[in-house]
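# Structural description and commentary
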Amino acid sequence: MRITHREHVEGERERERITVVPESTDDLWHLSNVLEPGDAVGGDTHRRVRRDDDQLRDTGGEREHMYATVEVESVEFARFANRLRVSGVIVDCSREDQLDFHHTLNVEENEEIEITKRWKPDQLDRLTEAVEASENPDVAIATVEEGAAHVHTVAQYGAEERTSLTGPTGKGEYARSRMELFAELTAVLSRMDVDAIILAGPGFTKQDAYAYIEENARDLTELITLVDTSAVGDRGVHEVLKRGAVEDVQAETRIAREAELIDRLMEEIAQGAKATYGIDGVAEAAEYGAIETLLVVDDRLREERGGDGDWNRNVNDLLETVDQKGGDIVVFSGEYDPGEQLHNLGGIAAILRYRLE
């Protein structure tokens, strides 16, 4: 993410206009968690404009380029289309005849947009995090065992499986040999544009896979770090993140921190110690200034801010209280396992400085 300009809105000191350029799918995901109903978002767009005059019969409209600002009604992060859809009513436009019409801005990578809103501390922190994360290397996690290999990429919205290689090994007409599995895995990793690869799994299969890669694609070995895990696939990836292996090559990895925090939270809950969960318990802890780290899931936060939630507290006031009393706020991605675990606890929890009676 790049921030190219910041200014306070004239006559409205509480509102600030920030111009940003998202540079990756991660950045689009960050923006989907920053934007909320009532914000103003402006950018270059195309819109079908109907024309009907003596010289040109109405043909249903022609698409024209224009600059439009919409008052946000809904936001959709279309991960697989690498696009953020921001829908609302046009409140400012280079064509005045398009004012007050509904429109959707399709925000893509490397497209500049202006966001005007009352920025909350956690939202500004998220922008800062996105800017800093742009310097992080891209990482792939390959987990391998006898008869199966999985390749995930690490993104800030979660770890996403790219390839799953499975099939019978051993004897039989259709059995896949270990060398065939290693060859397919090597081919997949060779095609990936990443800065680092973590090769993980149980037993010695990963060492054998590494030996095959070293013999057949030596350049890849410079990117590889070996890690022991008890499982492969999603569970193996969670172990890699929990052990901090990704952090060795990626100084700030969002989901690695989430995995660590959720494990710490569950330990504290199991011990009946310094933790609480659910909106009522968290709100009480916030009032006492007892919160060390507040954990909240991004989609629940969006629901509450958009007026669709069921919490009996104002979430913005709650976060402001935590911030003012020195607590950290971590917004979890609902796309990944730690976020799902937090969902099961009501979508919000806190690690405390001290135990509340």
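- By the naming in an unreviewed UniProt entry, the chain goes by Protein pelota homolog and is assigned to Halocatena salina.
- Under the UniProt heading Subunit (unreviewed entry), the note attached to the chain is "Monomer."
- Recorded in UniProt under Sequence similarities (unreviewed entry), the annotation for the chain is "Belongs to the eukaryotic release factor 1 family. Pelota subfamily."

### Brief notes about the overall build of the chain
- On a plain count of helices and strands, the chain comes out with 11 helices and 16 strands.
- In the chain, which comprises 357 residues, the proportion classed as buried is 50%.
- Put simply, of all contacts in the chain between residues at least 6 apart along the chain, 65% involve residues at least 24 apart.
- Accessible surface for the chain amounts to roughly 18000 Å². Of this, 41% is attributable to carbon and sulfur atoms.

### Considerations on empty space enclosed by the protein
- All chains considered together, the criterion is met by 1 cavity of 30 Å³ or more.
- Lining the largest cavity we find Ala285, Ala286, Gly289, Ala290, Ile291, Thr321, Val322, Lys325, Gly327 and Arg353.
- Residue classes in the lining of the largest cavity are distributed as 5 nonpolar, 3 polar and 2 charged.

### Side note on the pairing of strand β4 (residues 62-78)
- The pairing of strand β3 (residues 40-49) with β4 spans 10 bridges and is antiparallel. Within β4, the residue paired with Gly42 across the bridge is Thr69.
- As paired strands, β4 and strand β5 (residues 83-93) are joined by 10 bridges and run antiparallel to one another. Across the sheet, the residue bridging to Glu76 is Arg85, located in β5.

### Overview of the environment of Val86
- Summarising the element assignment, Val86 is placed in strand β5.
- Once the C-alpha coordinates of Val86 and Gly42 are considered, the two residues, 44 residues apart in sequence, prove to be 9.7 Å apart.
- Discounting residues that sit within four places of it in the chain, Val86 has contacts with Leu35, Val41, Val70, Val72, Ser74, His103, Thr104, Leu105 and Val107.

### Considering the pattern of salt bridges
- One pass over the structure, following the stated rule, counts 23 salt bridges.
- One salt bridge connects Arg118 with Glu14, and the closest N-O pair in it is separated by 3.1 Å. Taken as a pair, Arg118 in the loop between β7 (113-117) and α2 (121-133) and Glu14 in strand β2 (residues 12-21) lie far apart in primary sequence, 104 residues in all.
- Taking the relative accessible area as the measure of exposure, Arg118 reaches 46% and is therefore partly exposed.
- Looking at Glu14, the relative accessible area reads 60%, which means it is exposed.

### Some details on the sheet that holds β5
- Ordered in space as β1-β2-β7-β3-β4-β5-β6, the 7 strands form an open sheet in which the pairing is antiparallel. Every interior strand has two partners, whereas the edge strands, β1 (2-9) and β6 (102-108), have only one. Averaged over all pairs of adjacent strands, the angle between their axes in this sheet comes to 40°, without regard to strand direction.
- Here helix α1 (residues 25-34) sits on the sheet and contacts β2, β4, β5, β6 and β7; the angle it forms with β4, its principal contact strand, is near 70°.
- Across the face of the sheet, α2 comes into contact with β1, β2 and β7 while running at roughly 155° to β1.

### Regarding a negative patch on the surface
- Together, Asp125, Asp317, Glu320 and Asp323 line one region of the surface with negative charge.
- Per-element accounting of the negative patch gives the leading share, 3 residues, to helix α10 (residues 315-324).
- Position of Asp125 relative to the elements: it lies in helix α2.

Scoring rules and cut-offs
- Residues numbered from 1 in each chain as written.
- Predicted model: local features only at pLDDT ≥ 70, side-chain atom pairs only at ≥ 80, totals over all residues.
- Heavy atoms only, no water.
- UniProt positions renumbered as here; feature names shortened; annotations may be inferred.
- Helix = DSSP H or I, 4+ residues; strand = E, 2+ residues; numbered from the N terminus.
- Buried < 20%, exposed > 50% of the residue type's maximum accessible area, 1.4 Å probe, protein only.
- Contact = heavy atoms within 4.5 Å.
- Areas by Shrake-Rupley, 256 points an atom, 1.4 Å probe, with all protein chains shown as cover.
- 1 Å grid on protein atoms, 1.4 Å probe; cavity = no way out; pocket = protein on both sides within 12 Å on 5 of 7 lines; lining within 4 Å.
- Points joined across faces, edges and corners; volume = space filled by probe spheres on them.
- Nonpolar A, V, L, I, M, F, W, Y, C, P; charged D, E, K, R; others polar.
- Pairing = 2+ DSSP bridges.
- Salt bridge = Lys/Arg side-chain N within 4 Å of Asp/Glu carboxyl O.
- Axes fitted to C-alpha atoms, helices over the stretch in contact; angles between N-to-C directions.
- Patch = residues over 30% accessible without salt bridge, like charges linked within 9 Å, V, L, I, M, F, W, Y side chains within 5 Å.
- Lys, Arg positive; Asp, Glu negative; His and termini not counted.
- Charge placed at Lys NZ, Arg CZ, Asp CG, Glu CD.

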